[in-house]
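Spelled out, the chains give:
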Amino acid sequence: MLPIVLFDLDGLLIDSEPIWDAAKREVFGPLGLHLTTEMQAATRGLRQRDMVAYWFDRATIQADPDDVERQIVAAVCRRLAGVALKPGAEHAVAACARASRAMAVVSSSPESVIRHALASTGLDRSFDAVFSAEDDEHGKPHPGAYLRAAAALGASPDECIVIEDSFNGVLAGASAQMTVVAVPEAADRCDPRFAIATLALESLKDLDTSAFGAHVSRGSRNAT
């Protein structure tokens, strides 16, 4: 049986991390928190509520965390029109469509952001389902969102392949006991923590579904 392929979204399929970073600077800056590149990297892959909580725990911020989260999400949505695909995204999605029985996006972003981004890039036609960790008890790196996606799609964890760019996402997939393909940003490729991934690539352009090994067999998505 062909596997289920579960894609992350931000920073993997779409070049949205600069959009999120700009939105966080826009909202946090007037509150006295000026996020550097290194500070932004510390929360990569987290849900927005977890990211906001992270900085409220570490800085004195006079604001309502829920309001801050809403402002950041709104600022991102304003910027998503015309967001660029990451190099190799179309290749990876098409290749996995041929080598899987279903595909889904599993993201820390709110569902509204996920669907807005997929519609803006035309990728919405490629996926069978969308799963957001927004309302889960725990976000990535907890494996809950991936396990929930597998259950909803009728798959066991060992039938699932996770494709992620952030360490928090890779850890979530590995903790779910799924096959994990890591595609880290250039600045993160030397991070030894990515060794927990089954496979690491420099770009989605390098994705070869034959590297999935026993999880992938030849055929189409409709194969039995």
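Parameters at a glance
Residues numbered from 1 in each chain as written. Predicted model: local features only at pLDDT ≥ 70, side-chain atom pairs only at ≥ 80, totals over all residues. Heavy atoms only, no water. UniProt positions renumbered as here; feature names shortened; annotations may be inferred. Buried < 20%, exposed > 50% of the residue type's maximum accessible area, 1.4 Å probe, protein only. Helix = DSSP H or I, 4+ residues; strand = E, 2+ residues; numbered from the N terminus. Pairing = 2+ DSSP bridges. Right-handed = clockwise from strand over helix to strand, strands pointing away. Axes fitted to C-alpha atoms, helices over the stretch in contact; angles between N-to-C directions. Parallel < 35°, antiparallel > 145°, perpendicular 65-115°, else oblique. Left-handed = near helix turned anticlockwise from the far one by under 90°. Contact = heavy atoms within 4.5 Å. Nonpolar A, V, L, I, M, F, W, Y, C, P; charged D, E, K, R; others polar. Polar contact = N/O pair within 3.5 Å; in protein donor to acceptor, adjacent residues only side chain to side chain. Arc of directions from axis to C-beta. 1 Å grid on protein atoms, 1.4 Å probe; cavity = no way out; pocket = protein on both sides within 12 Å on 5 of 7 lines; lining within 4 Å. Points joined across faces, edges and corners; volume = space filled by probe spheres on them.

The protein chain carries the name Sugar-phosphatase in an unreviewed UniProt entry, which gives Kitasatospora viridis as its organism. For the record of the protein chain, the UniProt heading Cofactor (unreviewed entry) holds the text "Mg(2+)". Here the protein chain is described in UniProt, under the heading Sequence similarities (unreviewed entry), as follows: "Belongs to the HAD-like hydrolase superfamily. CbbY/CbbZ/Gph/YieH family."

### Remarks on the pairing of strand β5 (residues 179-182)
Alternating residues of β5 divide into Thr-179 and Val-181 and Val-180 and Ala-182, and every residue in both groups is buried. Across four bridges, the pairing between strand β4 (residues 160-164) and β5 is parallel. Within β5, the position partnered with Ile-163 by the bridge is Val-181. For the crossover that starts at β4, traverses helix α8 (residues 167-175) and ends in the parallel β5, the hand is right-handed. Direction of pairing for β5 relative to strand β6 (residues 199-200): parallel, over a ladder of two bridges. Pairing of Val-181 across the sheet is with Leu-199, part of β6.

### Things to note about the packing of helix α1 (residues 17-28) against helix α4 (residues 65-79)
Two numbers describe how α1 lies on α4: the axes approach to 9 Å, and their chain directions differ by 135°. For the element pair α1 / α4, the angle class is oblique. Handedness of the α1/α4 crossing: right-handed. Between α1 and α4, the residues in contact are Ile-19, Trp-20, Ala-22, Ala-23, Lys-24, Glu-26, Val-27 and Phe-28 and Val-68, Gln-71, Ile-72, Val-73, Ala-75, Val-76, Arg-78 and Arg-79, respectively. Its residues assigned to classes, the contact of α1 with α4 shows eleven nonpolar, one polar and four charged.

### Side note on the environment of Ser-100
Among the structural elements, Ser-100 can be located in the loop between α5 (89-98) and β2 (102-107). For Ser-100, a relative accessible area of 0% gives the class buried. The spacing of Ser-100 and Glu-159 is 59 residues in sequence and 10.0 Å in space, taken between C-alpha atoms. Within the structure, Ser-100 has its side chain in polar contact with the backbone oxygen of Cys-96 (distance 2.7 Å).

### With respect to helix α3 (residues 48-58)
Burial in α3 covers these residues: Gln-48, Met-51, Val-52, Trp-55 and Phe-56. Across the axial projection of α3, the buried residues extend over an arc of 135°, all falling on one side. Exposed residues on α3 whose side chains face more than 90 degrees from its buried face are Asp-57 and Arg-58. On its buried side, α3 packs onto α1, α2 (37-42) and α4.

### Some points on empty space enclosed by the protein
A probe as big as a water molecule, rolled over the atoms, marks out the empty space that is left. Under the definition given, this model contains two cavities of 30 Å³ or more. For the largest cavity, the calculated volume is near 190 Å³. Lining of the largest cavity is provided by 19 residues; of these, Asp-10, Glu-17, Arg-44, Gly-45 and Leu-46 occupy positions nearest its centre. Counting residues per element, the lining of the largest cavity draws most heavily on α1, at three residues.

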